[in-house]
Amino acid sequence: MALQVLHDPLGTLQRISREYGDIVRIPIVSDSRIFLNHPDYIEQVTVIQQSKFHKSKLTKDVTGRLLGEGLLISEGDFWRRQRRLAQPAFQRNRINEYAATMVESAEAHSRKWRDSEERDIAHEMMALTLDIAVRTLFGTTLPGEARQVGRSLEFLMRYSLRRSRSPFKVPEKWPTPANRRAEREIQFLDSLVYRIIDERKKLGDASEHNDLLSLLIAAMDEDGSQMTPKQLRDEIMTLFTAGHETTALTLSWAWYLLSKNPSAEERLYEELRDVLAGRPPSIADLGQLPYLRGVVNEVLRLYPPAYVLARTSIATCTIGGYELPAGSTLIFSQWVTHRDARFFSDPDAFIPERWLDGLEGRLPAGAYFPFGDGPRRCIGQNFALMEVVLVLATIAQKFQFRLAPGQKIVPDPLVTLRPRNGIRMRIDARR
């Protein structure tokens, strides 16, 4: 079973949940994992008994070298302090100020497209969200460096995941080609982030600037302390990596699903046409675009960028009537739970309409969690949702996308859920 999980984690976890039930022990070499597939059990881990769990060793092994002690993997009092310092930067009134930047980036990027040309839309969305991340995070652009940043991040994620899955781990200090490249990519990213931090601090009062970096630099704890340069680096790298990667994937899967479901695409276009009449969207418009939000919810249900979560217990806990000792690793999967017919009718179908009558409020806690849940819910959730909605509203008014023939689109469960060979699409200008 261990080999099946490694070879096909999405399909294997779905099969296990259907054949063995809601709480299953999965043997993994000399260890095991407890797979949870019921909202009640997931809520126990993420909300009710969350203090008994830390992020798993696997999560830290995969992301630790790149993200350091950022919010994604730090724990305890240190995590609480960092979250407290970062939280004001993500208040709704703050992030709403980035809406215009998101729309401007989407318009500028789509102006490069030509009617009926074919492009890898996954690559296009990565480039677009990277630009948005740089502008909102750093308040600048990175001409000549942005593309290298994207390549560095992708390599490091694949490198870390391969190492974590390999039963034979070559020490990172051994001068293999992969290790040497990983070190070069880390050094490039570190030098870039530290340079931008230094430049921003030299400008003086960080509160005069409105980008996320300035807000983090200015953040002060109750005791008057602020983030060290290393802490700033880790939080910036976490936000930068998670922010542009997961949003780009949500957008990529959205264009894919809309192209496969032309009636949904047409209904979305009609809503945008009626509300916006061809003008750029703004924050004030979002409440009048319920179908667009239903599209986003449905994309996140079917193709959640974070497709599996893992926690390790630091104390004895009871889940589903079973007492689990400290040190137990529990996993639960958005990919599996979001496709459970007990909670979603016709679960494999793309039906944005399902969200229009208050479904999200009726679902049991733990049935829909694309951003996690509880205190460790993604701090950037509102930022990401706003970005996805605004980019979709901006581009879908002007273009529609059709899959290029001869492709097999396969989700590739790396650190995030990427399309294995991209998504090549024909871009047609609307008339």
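Provided above is the structure to which this section pertains.
Residues numbered from 1 in each chain as written. Predicted model: local features only at pLDDT ≥ 70, side-chain atom pairs only at ≥ 80, totals over all residues. Heavy atoms only, no water.

**Section: the overall build of the chain**
Part 1: Helix and strand counts for the chain stand at 17 helices and twelve strands.
Part 2: Here the C-alpha atoms of the chain give a radius of gyration of 22 Å, agreeing with the 22 Å that 2.2 N^0.38 yields for 431 residues.
Part 3: With 431 residues in all, the chain has 54% of them scored as buried.
Part 4: Residue pairs at least 24 apart in sequence account for 72% of intrachain contacts in the chain once pairs closer than 6 positions are excluded.
Part 5: Of the accessible surface of the chain, which amounts to about 19,300 Å², a share of 52% is contributed by carbon and sulfur atoms.
Part 6: For the chain, the centre of its 59 positive side-chain charges and the centre of its 54 negative side-chain charges are spaced 4 Å apart. (Helix = DSSP H or I, 4+ residues; strand = E, 2+ residues; numbered from the N terminus. Rg over C-alpha atoms; globule rule 2.2 N^0.38 Å. Buried < 20%, exposed > 50% of the residue type's maximum accessible area, 1.4 Å probe, protein only. Contact = heavy atoms within 4.5 Å. Areas by Shrake-Rupley, 256 points an atom, 1.4 Å probe, with all protein chains shown as cover. Lys, Arg positive; Asp, Glu negative; His and termini not counted. Charge placed at Lys NZ, Arg CZ, Asp CG, Glu CD.)

**Describing helix H3 (residues 39-48)**
Part 1: Listed in full, the buried residues belonging to H3 are Pro-39, Ile-42, Val-45 and Thr-46. Buried residues in H3, looked at end-on, bunch into an arc of 130°, giving them a common side.
Part 2: Looking at the buried residues of H3, the elements they touch are strand E2 (31-36), strand E3 (53-55), strand E5 (309-313), strand E6 (317-319), strand E8 (329-332) and helix H15 (334-337). (Arc of directions from axis to C-beta.)

**Topic: the packing of helix H7 (residues 99-110) against helix H8 (residues 121-138)**
Part 1: The interhelical angle for the contact between H7 and H8, taken along N-to-C directions, is 145°, at an axis separation of 10 Å. Crossing of H7 against H8: the hand is right-handed. Contact with H7, carried on its side by Thr-101, Met-102, Glu-104, Ser-105, Ala-106 and His-109, involves Glu-124, Ala-127, Leu-128, Asp-131, Ile-132, Arg-135 and Thr-136 of H8 and no other residues of that element. (Axes fitted to C-alpha atoms, helices over the stretch in contact; angles between N-to-C directions. Left-handed = near helix turned anticlockwise from the far one by under 90°.)

**Thoughts on the packing of aromatic side chains**
Part 1: If you walk through the whole model with that rule in mind, you get twelve aromatic pairs.
Part 2: Residues Trp-253 and Tyr-303 carry aromatic rings whose centres are separated by 4.2 Å and whose planes lie at 15° to one another, so their mutual orientation is stacked. Remark: Tyr-303 occurs in the loop between helix H14 (290-302) and E5 and Trp-253 occurs in helix H12 (residues 229-260); sequence separation between them is 50 residues. Summarising the burial analysis for this pair, Trp-253 and Tyr-303 share the class buried.
Part 3: An angle of 50° between the planes, with centres 4.7 Å apart, marks the rings of Trp-355 and Tyr-368 as tilted. (Phe/Tyr/Trp six-rings, centres within 6.5 Å; stacked < 30°, edge-to-face > 60°.)

**Notes on the side chain of Arg-301**
Part 1: With respect to the secondary-structure elements, Arg-301 resides in helix H14.
Part 2: Those residues within four positions of Arg-301 in sequence are excluded, and the remaining contacts are His-338, Arg-339, Phe-344, Asp-346, Pro-347, Ala-349, Arg-354, Trp-355 and Tyr-368.

**Side note on the sheet that holds E3**
Part 1: Read across the sheet, five strands follow the order E1-E2-E8-E5-E3 without closing on themselves; strand pairing throughout is mixed. The sheet is open, and its two edges are formed by strand E1 (23-28) and E3, each paired on a single side. Looking at each pair of strands side by side, their axes are set apart by 35° on average, direction ignored.
Part 2: The pairing of E1 with E2 spans six bridges and is antiparallel. For Ile-23, the partnering residue across the bridge sits in E2 and is Leu-36.
Part 3: In the packing of helix H2 (residues 9-20) onto the sheet, the strands contacted are E1, E2 and E8, and the crossing angle to E1 comes to about 130°. (Pairing = 2+ DSSP bridges.)

**Points about helix H4 (residues 57-67)**
Part 1: Taken residue by residue, H4 has Val-62, Thr-63, Leu-66 and Leu-67 as its buried positions. The arc that holds the buried residues of H4, viewed along the axis, is 100°, so those residues lie on one side.
Part 2: Two residues or fewer after H4 comes Gly-68, characterised by a positive phi angle close to 60°.

**A short note on the sheet that holds strand E12 (residues 424-429)**
Part 1: Ordered in space as E4-E12-E9, the three strands form an open sheet in which the pairing is antiparallel. Looking at the sheet topology across the chains shown, the edges are occupied by strand E4 (117-120) and strand E9 (399-403). Each strand of the sheet is rotated relative to its neighbour by a mean of 40°, with strand direction disregarded.
Part 2: Here E9 runs beside E12; their pairing, made up of five bridges, is antiparallel. Across the sheet, residue Leu-403 finds its bridge partner in E12, namely Met-425.
Part 3: Helix-sheet contacts for H8 involve E4, E9 and E12, and the interaxial angle to E4 is about 65°.
Part 4: Against the sheet, H12 engages E9 and E12, with an angle of about 80° to E9.

Note that every value here comes from positions in space, so none of it alone points to a role or purpose.
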